[in-house]
Each structure stands twice: as C-alpha cells, then as structure tokens.
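Residue-level listing of the chains:
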Amino acid sequence: MAPVKNDRQKLSYLILSITTLFVAGIFDYKVGYRISSMLFYLIPIFISTVFIGRLAGIMISICCTAVWLVADLYTGGSRYVYFFTPYWNALARMFFFITVVVSIELGALLKEERTESRIDHLTKIWNRKYFYEFGAKELDRCKRYNHPLALIFLDCDNFKQVNDELGHKTGDKLLCCVADTINQHIRSSDIVARLGGDEFAILLTEAEPNGALNFAQRVSHSLAEIMKRNNWPVTASFGVASFRALPASVDEMVKQADNLMYRAKKAGKDKIRYQLFEITAGGSIAKTV
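Rules used in this analysis
Residues numbered from 1 in each chain as written. Predicted model: local features only at pLDDT ≥ 70, side-chain atom pairs only at ≥ 80, totals over all residues. Heavy atoms only, no water. Helix = DSSP H or I, 4+ residues; strand = E, 2+ residues; numbered from the N terminus. Contact = heavy atoms within 4.5 Å. Expected span 1.5 Å × (residues − 1). Buried < 20%, exposed > 50% of the residue type's maximum accessible area, 1.4 Å probe, protein only. Axes fitted to C-alpha atoms, helices over the stretch in contact; angles between N-to-C directions. Parallel < 35°, antiparallel > 145°, perpendicular 65-115°, else oblique. Nonpolar A, V, L, I, M, F, W, Y, C, P; charged D, E, K, R; others polar. Pairing = 2+ DSSP bridges. Core = buried A, V, L, I, M, F, W, Y, C linked by side-chain atoms within 4.5 Å.

(A) The arrangement of the environment of L246 in detail. In this structure, L246 sits in the loop between strand 5 (235-243) and helix 9 (250-266). Along the chain, L246 and L149 lie 97 residues apart, while their C-alpha atoms are 7.5 Å from each other. Excluding residues that lie within four positions of it along the chain, L246 makes contacts with L139, C142, K143, H147 and L149.

(B) Main features of helix 9. Here helix 9 is 17 residues long and its end C-alpha atoms lie 24 Å apart, about the 24 Å a rise of 1.5 Å per residue gives. Buried within helix 9 we find V250, M253, V254, Q256, A257, L260, M261, A264 and K265. Remark: G268 follows helix 9 within two positions and exhibits a positive phi of approximately 125 degrees.

(C) The packing of helix 5 (residues 128-145) against helix 9, seen in detail. Two elements in contact, helix 5 and helix 9, have axes separated by 9 Å at closest approach and are oriented at 105 degrees. Between helix 5 and helix 9, the angle falls in the class roughly perpendicular. When helix 5 is examined against helix 9, the residues F131, Y132, G135, A136 and L139 are found in contact with a partner set consisting of V250, D251 and V254. Residues that form the contact of helix 5 with helix 9 fall into these classes: six nonpolar, one polar and one charged.

(D) Structural view of the pairing of strand 2 (residues 149-157). Burial runs high along strand 2: nine of the nine residues are buried. Two elements, strand 2 and strand 5, share nine bridges in a ladder whose sense is antiparallel. Residue F153 lies in a different strand from strand 5, and its bridge partner there is G239.

(E) Summary view of the nonpolar core. In terms of nonpolar packing, the biggest core is built from 32 residues, with L154, L174, V178, I182, F200 and F238 touching the most fellow members. Those elements that provide at least two residues to this core are strand 2, helix 6 (159-166), helix 7 (168-185), strand 4 (199-205), helix 8 (209-230), strand 5 and strand 6 (272-279). The element that contributes the greatest number of residues to this core is helix 8, accounting for seven residues. Excluding residues within four positions of it along the chain, V178 makes contact with L154, C156, F200, L223 and M227. Core analysis: the next-biggest nonpolar cluster, separate from the first, contains 22 residues, L149, A201, F243 and M253 among them.

See below:
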C-alpha cells in the first residue's frame, strides 16, 4: 500500500469514497433486499484504505454499514421476524468490512516487508538474496529464447584504507556513491545489487558482448571522477563475463565474473577484465578475451 502524502489528494480520494458509498446506498435502495449490494460497498472501503489509510478505511466501513442498514430498513425491514435482526446483520457486515480493511493493510505490510528483505539497507539497491532470485529467472528466460546475458562483478580497490583512515561513515558514503553511479547507467531491465562489503554485481539483460564491455568502461570512468572529486584513494576492478553460451546456474555466472575481477586486481587494480563465453562450431564453449 502506498499512502498518498498530499493532503489535497487525500481529500480527493475521500470525496470519491463518500460519493461511491452513497451511489452504492442508492443502488441498494432501488434494487431492494433481493439483490446483494456487498460488492458496491467494498469499492469505497478499498479506495479509502489503499489511498488514504487504515483509519479512513474503518470510518468508511462504519458509514457503509449505516447506509446499508438504512436501505435495508426502508426496503424490507418488515420481512424480519425479530426486530433486532437487521441490526445484528449490520453488526456482522461492519465486522466483515473492518476485516477487509485489516486484510488489505496486512497484505500491503507483507508486500512491503518482502521488498525490504531484498533491499540493501545502506545503499538502497538490491541485495544478494534478490539478485540470485532475479538472476535465476532471467537465466531461465534467456535459455528459453537463446538470448545473450552479461554479468559484471565490481570490487572497490583499497576500500579498507578508507574505513581505517577516514572512518566508516565515509566508507558508507562511498558505497552509496558507487551504487548511485551504477544506477545512473543501467537500463530499467537491468539490476545492480550489493553482494556484500564493497562488492557489487550488475546483471545486464539482452546484453551483447560489446555493450557489456562499454557499460563497464562508462561506469569505471564515472567512478574515477567521483573518487577524484572526493579525494578518496579508491579505484574499481571489474570482471565482465558476457554469455552467449549460458551457464548452468547463477552461481556459475557469478563465479566466472568474480574470477575475472580477481584477474583485474592481480594485474594492478583499476582494470577491466572481459571474457565472452560462446559455443564453437564443434559444440564446446570458447572463452574469448
């Protein structure tokens, strides 16, 4: 659930809820007790709960109960054997309506919690858990349609030095800058995740080999400018694995990109190491650097 913060928008949704409520009441009065109007009363309850909040949903639920009771009394009150029957029915309806409100809110909270469990709380990008979930689905899709896929593994060189000399607060700021910079370059179909510490993974969907390498070069250039501007003694090592021959699992994909990143570090850091994995005419997997 995404509550509306603007008071004018809240008022607009409240007016819409009340209008829908009275339309439901008029319909209920016109058709009589032989046709249930439950669905029409649920509409204003849903609108008020989702777009305004729980309290508004409960208040509209009470109003729905009152309007339904009045319509019930005027259209068929004499049919009841006991005088308290319509009031008992109204109480049961109100209980049902409030249960709907609580259910909507619980559903929204569960969805929010599910999303939060997949977000890295420092950088606000995806975490390892979501990366592997999304990666597995994307890998299956690419296998089904024989589409290319690329994974970039990025590690911040000398990051420990920043924490030791400038403090963890500065180190946290640096990691957030790295995440924001990568986010500025990726497409909506790609994802970036913090796998842990100062390690980031970028999954590029439908990425041709040259596109993945060019992407890493652009990010590397942007990060170098940011580090220089802030006087941070940090560079970035990249491992770029581009797959035309798709691996068996996300773990294998990460392993290949991780190995390339370590090769970049061993070569002196602040480097990009790239490989293309493709199937040769003989059916074997070739690695092209």
